[in-house]
Each structure stands twice: as C-alpha cells, then as structure tokens.
Amino acid sequence: MIESYEDALNSKEWRSIGLTFDTDWAPDFVLRELVDELDRFGLKATFFATNPTDVLAESDRLEIAWHPNFMPGSSHGATTDEVLETCRKWFPRSVGMRSHGLIQSSNLLRALSRHGLRYDSNLLLYDLPYLQPFATFYDIVRIPYVWSDASHLLTGRPLELGTLPLDLPGLKVLDLHPMLWYLNSTSPGDYAELKAHHPRLDRLTAAEASPFVQSGSGVRTLLERLASRIVAEGVATYRLIELQQAFRDRQVELGAAAVTDPGEFRPFKFEMR
Ligand SMILES: [Zn+2]
C-alpha cells in the first residue's frame, strides 16, 4: 500500500516489463526468428517499425508502432508531415512512435497529435529510477524508457541479467534492436562491421549474416535469460498501447483538477497482471 509519494519513490513493486524493438530495416528472416522467440516465452512486445513487412502482425501480444526516420535523405519523406504520412500509409492502425535516432521537438509532438498518434517513446533515460509516463500539451502521452541494448553496449558493461535495471522502481520499458539480437552483439562494432560489408540490410541473407554472429554473452543470450526469468518469476509484460490506455484511464479517474493539484499528486503506477 502506497501512502505517500515518498513511499512510491522507494517502492520496488513496479515489476512489469515493456519490451520494445526498433526494427531499423532488419530483414524478414531476422524478424521472423525474433517473433518465434517471443512466442516461445509467451512475451508481449511493441515493435517500432521502419518499413512494411509481412512478418509482423498486430495481435493482443504484439503491437506495431512507427519508427519514422526524420534524418536528411530519409526514404520516408523530406518533411515531418511526409514522413508521418508514409508511416500512416504503411501502418494505418498504429497509435505510437519512437523516432529513429530519437529525433524530437515540440513541433514534432504537435505533429504527432495532428497525425492521430496517442503516445511517443522518444526519451531514453538510461538507468534512471522512478520513470513514469506523463501527459503533454498536445495530447500525446510520453513514455520514457530506461534501457537500450545499443546504449548498454556503449557502456562496456557485461551483457548479464544482473546489469539490467530490473530492480529499479518505476517503469521498465526496455529497447532492443532485432539486428543486434540476431548477431548476439557483444560490442558496438559488430553491427557496424556487418553494415560495412552489407549496406543493404533489407537484402541480407542468413548465410551472409552468419560470419558476423557472436558467441558468448551478447544481446541474444541476454534476452533469452531475461525471458526465462520473466517466465520463472511470473513477471507480466505489456505493449506500450496498454500502458498509454491505463495512463489515460487513471487521468479520467482522477479528473483534470487532481492531476494539476500538487497536493493530490500520486505517481502513476502501472502493473500488468
Ligand atoms: Zn532506429
């Protein structure tokens, strides 16, 4: 029972995990193997997709959201609106997004609202405790995330379960990249080396990728250990669309006045069962 904000800040109760994947043009054979792996453990996940694929299908376990590329020369379009229209054409039912390269701005938040989205997950607050979703002026719920495989590789810390922020209080939205997972990456250079040899990832074959697959403790073995722990301990996983909906429901329950009154402030606690 949480009696005060301070109690909540010291809470270790927020256990549910939101697994997310930024597809970054990973080829279909990689996505297929990853979806099979998630199915094997019965895990829910949100895929931020850069391109259309027949492999990913919406279900009550799998959400498809947008991973728009706003960088110069993007194949998604030349302007913010063009990029978002391309994503809408490919994934008409999506309600969330995370930018490739985490590009963001206040104008972008307004554009997301205009294009019918309900949440973004553009804030990587690595290893920071007490994360929670929050609302913006543009009716977009912001869902920060606490860990990413690419950032973990940059820290040089071992890819062991004990180094994941699973015991931090607050949201535990984690981000992985299918290609890093497939390569079982153990260092930031693995993916760069593959791309130097095969710049067109969408044409990559399993045979071409195999020399670049790493042995030992890497991103793939880490996900397998995490999945095993999730199953063994009965930890729930969720899609970010569920988190966004739960957050909105709580806002309705509290009412707008309560949310803006500091005396009434209660941190959002999200626990899937
Ligand atoms: Zn990306």
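Overview of the structure.

Criteria and cut-off values
- Residues numbered from 1 in each chain as written.
- Predicted model: local features only at pLDDT ≥ 70, side-chain atom pairs only at ≥ 80, totals over all residues.
- Helix = DSSP H or I, 4+ residues; strand = E, 2+ residues; numbered from the N terminus.
- Buried ≥ 20, exposed ≤ 12 C-beta atoms within 10 Å, placed from the backbone.
- Contact = placed C-beta atoms within 7 Å.
- Expected span 1.5 Å × (residues − 1).
- Arc of directions from axis to C-beta.
- Pairing = 2+ DSSP bridges.

So, the overall build of the chain
Of the regular secondary structure elements, the chain holds 11 helices and nine strands. Looking at the 273 residues of the chain, the share that counts as buried comes to 36%. Sequence separation of 24 or more characterises 69% of the internal contacts of the chain that already satisfy a separation of 6 or more.

Notes on unusual backbone geometry
The phi dihedral of D127 falls on the positive side, at around 65°, and the residue is not glycine. Looking at where D127 falls in the secondary structure, it is placed in the loop between β5 (119-120) and β6 (134-135). Judged by the 13 C-beta atoms lying within 10 Å of it, D127 is partly exposed. Notably, N184 is not glycine yet its phi reads approximately 50°, a positive angle. With respect to the helices, strands and loops of the structure, N184 is situated in the loop between α6 (178-182) and α7 (189-197).

Let's talk about helix α9 (residues 219-233)
Across its 15 residues, α9 extends 21 Å between first and last C-alpha, which sits within 8% of the 21 Å expected from 1.5 Å per residue. Looking only at α9, the buried set comprises V219, R220, L222, L223, L226 and I230. Angularly, the buried residues of α9 cover 155° about the axis, an arc narrow enough to put them on a single face. Exposed and oriented more than 90 degrees from the buried face of α9 are S228 and A232. In this fold, the buried residues of α9 make contact with α2 (28-41), α5 (149-155), β9 (173-176) and α6. Just downstream of α9 lies G234, where phi reads positive at about 65°.

Brief notes about the environment of D202
For D202, the location among the structural elements is in the loop between α7 and α8 (206-209). Sequence spacing of D202 and D24 is 178 residues, and the spatial spacing of their C-alpha atoms is 9.8 Å. In contact with D202, not counting residues within four places along its chain, are W25 and P27.

Observations regarding the environment of L153
Within the secondary structure layout, L153 lies in helix α5. Residue L153 is classed as buried on the basis of its C-beta count, with 21 C-beta atoms lying within 10 Å.

Here's the deal with the pairing of strand β1 (residues 18-22)
Looking down a regular strand, the side chains alternate between one sheet face and the other. Burial runs high along β1: five of the five residues are buried. Neither face of β1 is open: one carries G18, T20 and D22, the other L19 and F21, and all of them are buried. In this sheet, strand β2 (residues 45-49) lies alongside β1 in parallel orientation, the contact comprising three bridges. Within the sheet, the bridge partner assigned to D22 lies in β2 and is F48.

With respect to the environment of P211
On the secondary structure map, P211 appears in the loop between α8 and α9. Exposure remark for P211: the 9 C-beta atoms within 10 Å place this residue in the exposed category.

Notes on α2
Along its 14 residues, α2 runs 20 Å from first to last C-alpha, staying within 8% of the 20 Å computed at 1.5 Å per residue. When α2 is considered as a whole, its buried residues turn out to be V30, L31 and L34. Buried residues of α2, viewed axially, fall in a sector of 95°; they line one side. More than 90 degrees from the buried face of α2, the exposed residues found are D28, D36, D39 and R40. Here the buried face of α2 lies against α6. Looking one or two residues beyond α2, the residue adopting positive phi is G42, at roughly 70°.

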